[in-house]
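Given next are the chains, with one letter for each unit.
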Amino acid sequence: MGGGQTAIEFLKGVGPERARLLNEELNIKTFQDLLHFFPNRYIDRSQFHSINKLPQNNSEVQIKGKITSIEYVSQKRGKRMIAKFEDETGVMELVWFRGLKWIRDSLKLNQDYVIFGRLNWFGGRANMAHPEMDLEINFQNKLRADFYPIYPSTEKLINKGISQRVIQKLMTHLIEKAGEAFKETLPIYIIDHYKFIAKSKALKEIHYPNSHKDLVNAESRLKFEEFFYMQLQLLLKNLQRKKKIRGFVFSKVGSAFNIFFKEHLPFNLTDAQKRVIKEIRNDLGSGRQMNRLLQGDVGSGKTIVALLIMLIAIDNGFQTSLVAPTEILAKQHYQSIIELLDGSHIKIKLLTGSTKLKDRKIIHHELESGELSILVGTHAVLEEKVKFKNLGLSIIDEQHRFGVAQRAKLWVKNKIPPHILVMTATPIPRTLAMSIYGDLDVSVIDSLPPGRRPVKTSHRNDKKRLGVFAFVKEQIKLGRQIYMVYPLIKESEKLDYKDLMDGYDSISRSFPQPEYQISIVHGQMKPENKSFEMKRFVEGKTQIMVATTVIEVGVNVPNASVMVIESAERFGLSQLHQLRGRVGRGSDQSYCILMSGTKISQEGKTRLETMVKTNDGFEIAEVDLRLRGPGNLMGTQQSGILKLKIADIIKDNKLLKVARDTANQILKKDPNLEKAENQIIKRTLSTINIESNIWNFIS
Ligand code: ADP
Ligand code: MG
């Protein structure tokens, strides 16, 4: 055949018009593209079903049996023809709506037929409309395959006559022409080791498998290959990045760190905290720029880790910055660092959108003179006019609130870029992690500080509201504070605000002043009013905080022990988990109450059940990934990994791990792919082009 790059137009049966359609609708331009256009399912005609054991769904099945009677039923528009179809085990109905006369004439009573079609269920009985039918004697002699591929298609293609049959035919032409000419793309040692089938066989059988087993073999070979090259690219990128970018060397630990560590650290670090600090320190001493993601569930103690490594930067004569996504959170970081460093001579300032011009000028000056060691703030810190004398380390909290562009700003400030640590409380599921971490270093704080009691979570429907309020009152009597959170979703913003205000009114009635004091915070308030209300709650002057999800990010009020989430079924899992993380920060038992209506979608139910069942952020993220698919998880939308053709990072996770380990081992032994046996890998890599990945901080 022509090479894989031959334009699809030149395949028998295509031509310019169909070529244009295939290109526009399915992005198929070449022979190669068509060959890698894989079926999304198969019709299995290798098996026969008996009528008493039909699957109780709408699947397509093949059955042997006889037509025993035929009748017509009149209906509003026209007539229906119904046949009784029997095998030894039972009876079902076949139904026709069109071409009745012609079909009736061709049907033979009491003769063996093989029928095929989609099942419908009606009142516990199966029927099949317009089945494909062959007399059994003819069926035996017919040239046929047991599995038919069904390809993804579009309405336009079907309207323009490019049906499944046409695509199947094109594929047959292509495969016949290609013969054994498919190039192998994996080295023989990998094929042997995993007992994979050859590429040529896999490509043929993915389109026309002879048996279920052949199909499975073809799939695993092609899936492995897809994962393998994806992982290889990510790992190679990471190696290159590390080689290329020089970083400051933080060679020593000095008095700033030591004095704090020995005299002011308010608790013992957990093993997980110690481990990640060690990992980070290795980066900082390596002479290469650090680009690390620090994952740790809410409350796992990321702040102290951040502070300790900032102190190391300071000991080495560098300035540092800590950037938070909201003003509230930035202030909170600022205050806790001030408290922790009380008595030291390290200079810290806060810079946010509402910092006064006069103070701003002082900050700018102190930054440029090097007087200021730690700058805490919001994205204001990243602005062009903010210049450091020697910024050595920048820490970004809660990364999913930031765009890549904002992050990139950190880079242009210095010739040698600062080390970067991005902290996130959004756990990235291990399954997804494995496929995207190829080019980013990751540390995980995987345990909570000792003495924490897991938050008790329950689900209550709206009718139980009085009981919930009574419980809240008990908690307030014990001196605790309460969050009551309402959803706020862009599309229904107006209604949501109405819900919030209605909710606030009813809460005010149930919790009357002066016995109870209530704060309210939402996105339409002026920043200063928000801060005022927050402050009253933080200081314990109000017992209840009614809010929209603005408090989702990082507020720390250890005395708050109850989180009531209204219309919880409308929140996503990661949001629910973040919200729940606002309680359970002190030593008291904390509670999360998920309120919902009675009508909830299946997915909504799964989300609430998951929340009730577990406190483990990684487990929750895993369920989230399964429910929504990787495309909807934060930060992954633009990532090339989601454009996989055949492999699925969730369903084929085991294979992904195997592929990743294999790629790793190969690069360990042969980082530049120079060995003879790896030339095939090098060649194949050069023909693949995975889009750049969002996790790639530099591009
Ligand atoms: P997050 O990871 O969500 O940012 P924080 O850094 O805010 O968590 O820590 C949550 C709380 O746990 C804080 O009150 C902090 O002082 C406390 N904490 C952190 N590490 C430890 C530890 N090793 N032992 C006891 N308490 C700790
Ligand atoms: Mg935090």
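Criteria and cut-off values
- Residues numbered from 1 in each chain as written.
- Chains lettered and ligands numbered in written order.
- Predicted model: local features only at pLDDT ≥ 70, side-chain atom pairs only at ≥ 80, totals over all residues.
- Heavy atoms only, no water.
- Helix = DSSP H or I, 4+ residues; strand = E, 2+ residues; numbered from the N terminus.
- Contact = heavy atoms within 4.5 Å.
- Areas by Shrake-Rupley, 256 points an atom, 1.4 Å probe, with all protein chains shown as cover.
- Pairing = 2+ DSSP bridges.
- Axes fitted to C-alpha atoms, helices over the stretch in contact; angles between N-to-C directions.
- Near = heavy atom within 4 Å.
- Polar contact = N/O pair within 3.5 Å; in protein donor to acceptor, adjacent residues only side chain to side chain.
- Nonpolar A, V, L, I, M, F, W, Y, C, P; charged D, E, K, R; others polar.
- pLDDT = per-residue confidence, 0-100.
- Parallel < 35°, antiparallel > 145°, perpendicular 65-115°, else oblique.
- Phe/Tyr/Trp six-rings, centres within 6.5 Å; stacked < 30°, edge-to-face > 60°.
- Buried < 20%, exposed > 50% of the residue type's maximum accessible area, 1.4 Å probe, protein only.
- Lys NZ or Arg CZ within 6 Å of the ring centre and 35° of its normal.
- Core = buried A, V, L, I, M, F, W, Y, C linked by side-chain atoms within 4.5 Å.
- Left-handed = near helix turned anticlockwise from the far one by under 90°.

J.: Is there a simple way to think about the overall build of the protein in this case?
T.: Per the secondary structure count, the protein includes 24 helices and 21 strands. Summarising the internal contacts of the protein: among those between residues at least 6 apart in sequence, 74% fall at separations of at least 24. Carbon and sulfur atoms provide 51% of the accessible area of the protein, an area that totals close to 34400 Å².

J.: Hey, could you run me through the sheet that holds strand S18 (residues 518-521) in this one?
T.: For sheets, the rule is that strands pair by backbone hydrogen bonds, running either parallel or antiparallel. With parallel pairing, the six strands of this open sheet are ordered in space as S16-S21-S20-S17-S19-S18. Looking at strand neighbours, the two that pair on one side only are strand S16 (456-461) and S18, the edges of this open sheet. Ignoring which end each strand starts from, the neighbouring axes of this sheet average 20° apart. Packed on one face of the sheet, helix H17 (residues 465-477) meets S16, strand S17 (481-485), strand S19 (544-547), strand S20 (560-565) and strand S21 (591-596) and runs near 160° to S21.

J.: What exactly am I supposed to notice about the site of ligand 1 here?
T.: Around ligand 1 sit 16 residues, and of these Asn 268, Gly 299, Lys 302, Thr 303 and Arg 452 come closest. A distance of 2.7 Å separates an oxygen atom of ligand 1 from a polar atom in the side chain of Thr 303. Burial of ligand 1 by the protein chains amounts to 78% of its free accessible area of 560 Å². Its residues assigned to classes, the shell around ligand 1 comprises four nonpolar, eight polar and four charged.

J.: What is the right way to read the confidence of the model for the protein from this model?
T.: When pLDDT is low, close inspection of the predicted coordinates is not appropriate. The pLDDT averaged across the protein works out to 86; a share of 89% of its residues lies at or above 70. Scored below 50 in pLDDT, residues 632-641 shows 33 contacts in the model against residues more than four places distant or in partner chains.

J.: Explanation requested: the packing of helix H21 (residues 602-613) against helix H22 (residues 617-628) in the structure shown.
T.: Helices that pack against each other are described as a pair by the angle of their axes relative to one another and the distance between those axes. Remark: H21 packs on H22, axes separated minimally by 10 Å, with the N-to-C direction vectors making an angle of 170°. Taken together, H21 and H22 sit at an angle that is classed as roughly antiparallel. For the pair H21 and H22, the contacting residues are Glu 603, Thr 606, Arg 607, Thr 610, Met 611 and Lys 613 in the first and Glu 619, Ile 620, Val 623, Leu 627 and Arg 628 in the second. In the contact of H21 with H22, the residues fall into four nonpolar, two polar and five charged.

J.: Please explain the packing of aromatic side chains as it appears in this structure.
T.: Each aromatic ring pair is specified by the distance between its two centres and by the angle formed by the two planes. The full count for this structure, using the stated rule, is 14 aromatic pairs. Here the aromatic rings of Phe 224 and Phe 228 are separated by 5.7 Å at their centres, their planes lie at 15°, and the arrangement is stacked. Here the residue Phe 224 and the residue Phe 228 both occupy positions in helix H9 (residues 212-244), the gap between them amounting to four residues, near one helical turn. Here Phe 224 matches Phe 228 in class, with each residue buried. A ring pair is formed by Phe 471 and Tyr 591, whose centres lie 4.9 Å apart and whose planes are at 85°; its orientation type is edge-to-face. You can see Phe 471 sitting in helix H17 and its partner Tyr 591 sitting in strand S21, a full 120 residues away along the chain. Looking at Phe 471, the relative accessible area reads 22%, which means it is partly exposed. Taken together, Tyr 194, Phe 196, Phe 224, Phe 228 and Tyr 229 form an aromatic cluster joined through their ring pairs. Over the aromatic face of Phe 48 sits the side chain of Lys 64, whose NZ or CZ is 4.4 Å from the ring centroid. For Lys 473, the ring lying beneath its charged end belongs to Phe 511, and the centroid distance is 5.1 Å.

J.: What am I meant to see in the sheet that holds strand S15 (residues 441-445) here?
T.: Taken together, seven strands build an open sheet; the order of strands is S11-S12-S10-S13-S14-S9-S15 and the sheet is parallel. Only two strands of the sheet have a single partner each, and these edge strands are strand S11 (348-351) and S15. Adjacent strand axes in the sheet meet at a mean angle of 20° when their direction is disregarded. Inspection of the sheet shows strand S9 (residues 291-296) paired to S15 by five bridges, in the parallel sense. Residue pairing across strands places Leu 293 opposite Val 442, the latter belonging to S15. The strands touched by helix H12 (residues 302-315) are S9, strand S10 (319-323), strand S12 (374-377), strand S13 (391-397), strand S14 (419-424) and S15; relative to S13, the strand with the most contacts, the crossing angle is about 170°. Contacts from helix H13 (residues 327-340) reach S10, S11, S12 and S13 within the one sheet, and its direction differs from that of S11 by about 170°.

J.: I tried to follow the nonpolar core on my own but got confused; where do I start?
T.: Considering soluble globular proteins, one finds that nonpolar side chains tend to be buried as a cluster. Of all hydrophobic cores here, the largest spans 44 residues; its most connected members are Leu 311, Ile 337, Leu 341, Ile 374 and Ile 395. Going through the elements one at a time, helix H10 (255-264), helix H11 (271-284), H12, H13, S11, S12, S13 and S14 are the ones with two or more residues in this core. With eleven residues, H12 is the largest single contributor of residues to this core. Here Ile 337 is in contact with Leu 307, Met 310, Leu 322, Ile 348, Ile 374 and Val 376, once residues within four sequence places are set aside. If you look at the next biggest cluster of nonpolar residues, it comprises 34 residues, including Ile 8, Phe 31, Leu 34 and Ile 175.

J.: What am I meant to see in the packing of helix H20 (residues 573-580) against H22 here?
T.: Where H20 meets H22, the closest approach of the two axes is 9 Å, and the angle between their N-to-C directions is 160°. Between H20 and H22, the interaxial angle falls into the category roughly antiparallel. Once H20 is placed against H22, the crossing between them reads as right-handed. Within the contact between the two elements, H20 uses Leu 573, Ser 574, His 577 and Arg 580 and H22 uses Gly 617, Ile 620, Val 623, Asp 624 and Leu 627. Here the contact of H20 with H22 is composed, by residue class, of four nonpolar, three polar and two charged.

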